[in-house]
Amino acid sequence: MEPTPAGSARIESEPVPWTSKRGQAAGLEDISGQLRLQIADAPVGVLKVEYGAVEIAREGDAPALLVVDSLPTLLGVLGGEMHPFVAFLQGRLRIEGNRALALQILFGLQADSPWSGPTPRS
Amino acid sequence: MALDTISILDGNEFVVSNRQGDIEAAPMAHHGLFLDDTRFLSRWVLTINGRRPILLSIDDTSYYRIQHFLALATGDVYIDSHLTVVRQRSVGGGLHEVLVLANHGKEPIDLEVRMEVAADFADLFEVKGKLNKKGELYRHVAPGDRLTLGYRREHFRRETQVTSSAPAELSEGALTYRIRLDPLRLGLQAIWRTHLDVFAVMDPGRESPSAIAHRADEELRPELASDLRGWIEDAPKVVTSWQPLEHIYRRSLVDLAALRFRKPILLGAMPAAGLPWFMTVFGRDSLLTSFQALPFIPEFAASTLRTLGLLQSRAHDPFRDAEPGKIPHEVRFGEMTAFEDTPHSPYYGTADATPLFLILLEEYERWTGDRELVQSLESQARAAMKWIDHHGDRDGDGYIEYERRNPNGLENQCWKDSGDSIAFADGTLAETPRATCELQGYAYDAKRRTARLARDVWKDSVWAAELDRQAVDLKRRFNEDFWLSDRKFFALALDGHKRKVDSLTSNIGHLLWSGIADDDKAAHCVTHLMGDALFSGWGVRTMADSEGSFNPLGYHVGTVWPHDNAFIAWGLRRYGYSEEAARLSFAMLEAAELFHHRLPEAFAGYRREITKYPVEYPTACSPQAWAAGAPLLLVRAFLGLESIGGNLIVDPVLPATIGRLEVLDIPGPWGRRDAFGRARTDLTASARRRPRDPPMD
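Residues numbered from 1 in each chain as written. Chains lettered and ligands numbered in written order. Predicted model: local features only at pLDDT ≥ 70, side-chain atom pairs only at ≥ 80, totals over all residues. Heavy atoms only, no water.

Residue and element names in this part refer to chain B. Applying the stated criterion across every chain yields a total of 28 aromatic pairs over all chains. Between Phe291 and Trp513, the aromatic rings sit 5.1 Å apart at their centres with planes inclined by 80°, giving edge-to-face as the arrangement. In this pair, Phe291 sits in helix α4 (residues 283-293) while Trp513 sits in helix α12 (residues 507-514), placing the two residues 222 residues apart along the sequence. For the pair Phe291 and Trp513, a shared accessibility class is recorded, and that class is buried. Of the aromatic side chains, those joined through ring pairs into one cluster are Tyr399, Phe478, Phe482, Trp483 and Phe490. Of note, Lys263 hangs over the ring of Phe333, and the distance from its end group to the ring centre comes to 5.5 Å. Taking the ring centre of Trp538 as reference, the NZ or CZ of Arg608 above it sits at 3.8 Å. (Phe/Tyr/Trp six-rings, centres within 6.5 Å; stacked < 30°, edge-to-face > 60°. Helix = DSSP H or I, 4+ residues; strand = E, 2+ residues; numbered from the N terminus. Buried < 20%, exposed > 50% of the residue type's maximum accessible area, 1.4 Å probe, protein only. Lys NZ or Arg CZ within 6 Å of the ring centre and 35° of its normal.)

With that settled, consider the confidence of the model for chain A. Residues and elements named next belong to chain A. Residue-level pLDDT values for chain A average 81, and 78% of them are 70 or greater. Element-level pLDDT for chain A is lowest in helix α1 (residues 9-12), with a mean of 41, against a maximum mean of 97 in strand β5 (residues 64-68). Segment residues 1-16: pLDDT under 50, and 40 contacts once partners within four positions in sequence are set aside and those in other chains are kept. (pLDDT = per-residue confidence, 0-100. Contact = heavy atoms within 4.5 Å.)

Attention now goes to the confidence of the model for chain B. Residues and elements named next belong to chain B. For chain B, the average pLDDT comes to 93, and 94% of its residues sit at 70 or higher. Note that residues 211-217 has pLDDT below 50 and, in this model, 13 contacts with residues that lie over four places away or in other chains. For the stretch residues 683-697, pLDDT sits under 50, and the model shows 38 contacts to residues farther than four places along the chain or on other chains. As scored by the predictor, the complex reaches a pTM of 0.93 and an ipTM of 0.88.

All names here are of chain B. Remark: helix α9 (residues 378-389) packs on helix α10 (residues 437-456), axes separated minimally by 11 Å, with the N-to-C direction vectors making an angle of 145°. Note on packing geometry: the crossing formed by α9 with α10 is left-handed. On α10, the residues touching Met385, Ile388 and Asp389 of α9 are Ala443, Ala446, Lys447 and Thr450. (Axes fitted to C-alpha atoms, helices over the stretch in contact; angles between N-to-C directions. Left-handed = near helix turned anticlockwise from the far one by under 90°.)

Turning next to the environment of B:Asp197. Residues and elements named next belong to chain B. Among the structural elements, Asp197 can be located in strand β17 (residues 192-201). A residue is classified by how much of its surface remains accessible, and Asp197, at 2% relative accessible area, is buried. As for Asp197 and Phe291, which are separated by 94 residues in sequence, their C-alpha atoms are 38 Å apart. Among the polar contacts listed, one links the side chain of Asp197 to the side chain of His96, at a separation of 2.5 Å. (Polar contact = N/O pair within 3.5 Å; in protein donor to acceptor, adjacent residues only side chain to side chain.)

Moving on, we come to the side chain of B:Asn103. All names here are of chain B. As for its position among the elements, Asn103 is in strand β10 (residues 94-103). With relative accessibility at 1%, the residue Asn103 sits in the buried group. A polar contact of 3.1 Å, which involves the side chain of Asn103, links it to the backbone oxygen of Leu181. Once residues within four sequence positions are removed from consideration, Asn103 is found in contact with His82, Leu83, Pro108, Ile109, Leu181, Asp182, Pro183 and Leu184.

Below, the structure is given as structure tokens:
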């Protein structure tokens, strides 16, 4: 699968675009699934997980949706620097669709950042 | 709960008021409307013409609604009132109150009816710790419409919105009605009423209040009444010649229904642990309550296993005392958790929830035959076992031990989690890391049970054989390393220097439940459990009165805990001490009868000879999930109910006072079946059986 930049202009304006963001997540080795990512009302991509291998693609089907308030929240959660439950309680994050899958993925990202070298935040 | 308060609840939402129905939060009065660990109402005080009505009586026959019958008294000695005041209240998405006034006099009366309102949005930890808020409170009055009380801290916002069906003068601190009330003799239209809605709004920016519809009739929350009827009808029926047991059983079912709650993060309804301080997910409490309830309400176990499996840690996280594979201890939803002032998002500071997760998983499969769920949790089970063997065993000595990594975390990460619970016989506190004995029992039981699942469900015979081998080795080592040969019981723990913590405690009863004790050593433990130092006459104390730290009012060093006793009774059955199990179980039920059929979280450990009534523990939670579940496990112990190979096994041993006991429509792989037992005149002869192996068919 060819990783592509996410579709949001806000994402693309980041110093490091999300092109080729793929990696290996130790906390996701028993999980396969996709999670659509959205900042406020703007879709920004799909996080694809395949038994530990992760990548962010521009498009794709996903049974679950992650909506966050801002780019820093998204980067923090995907990089394991902001706990998803904390973001949820602060009103910065919500999940729709397959909650169990979304939570497993988000909790798994807390184990270790899958983004070898630069993380989405860097 | 304090004796001068009264509560209604629905899951993790609850209202605590005084007996008149007023909410007046103060440092020593933990009143309020609480939802998700936040107090949405801290003041809700009714006055009429500047005076507070006095209480006549309370109708609290439903857990989610209550009626306070009041009167505006005019005399000092006699209640010479012409004004009836009724407050009908229910909880759900906030608070709904119908205020009803009726004039029994001959002339119209002019009244100023005032409801004072305030919300401090205190986090439950702020209530307990008397801490100050860090954000900003605000108020807003929409004339003729609603009063909004709000709180914000960065993105975190909560609001309380108050509306009234009758026109009211709204101010920032009260709703005021000025009414002329005609005599009731003029007709029912003279009755004045208003519907007051208090909406707890979690996300004011997005969420519209989930209004409870105003109802002209007086049936509050009819959907809950219907749900409760269904819940009780689905559960097995208990029929017995000792009537109090039927009441106790029904009370347990109602309390467990009341404590069910659902959240977006939970995969099904789970039991909240206890009112008022523990109305949230607790790993240990949910697992043990689900175990107790399995033959009666298997749904709890399914939700608990799915949810705790979902929340199982996948990370090393010292702040949350988490390591991969660990099952959570506590999840909170309030502001302090949101800003990581506390680590409950979730907090993983428990060493027993992980083996208990495996124990419940195997027991669940026995009682339901639901292999699909077991299949779906295989990776979680493997991760849990890996935690037991690696992260749980911090120093590689083959035992689970704990020591907090978050300095604000729990010092004791076993069920006796107060700071003074793990002490030597001379009262000296044990140093950490601490390896309490029951943790090793749970690990042993978890290995044996997981071996069966590995063999029968996951088809991994190699892993199954390895787990069996580990269990045998653990049992052998434990019986050598924890045994106090001079006192003839198992040490409470090994401390940080591997010294045996030599207090006599109820923990040894859990070793019987788990099956780790050698038969000869178990016999000594039974003698201690039923001896005067541990057994108060009402139940087994958490600590024997012979020990240096004993205190009959000490939370974990002398009080009697019903759930503890239920598992001890079940452990006695497991080793064949059925007479002792029946004696202990019946004593606990006698206490329940005297607690108006509801066992509290804990009660005082005084000797029965000095008090005809068990003495309440001042701050015990009630209702409390595993206390509510205790009678269910006691009933199971009386009848010796087991599910083995898809068959219901019944092996009754009853005390003489319970002459006959039937449990009808027990669900299981067999569909629904009945169990029946009668007391034998020669209980002693029939009860003493050979110790038997744990049922591992």
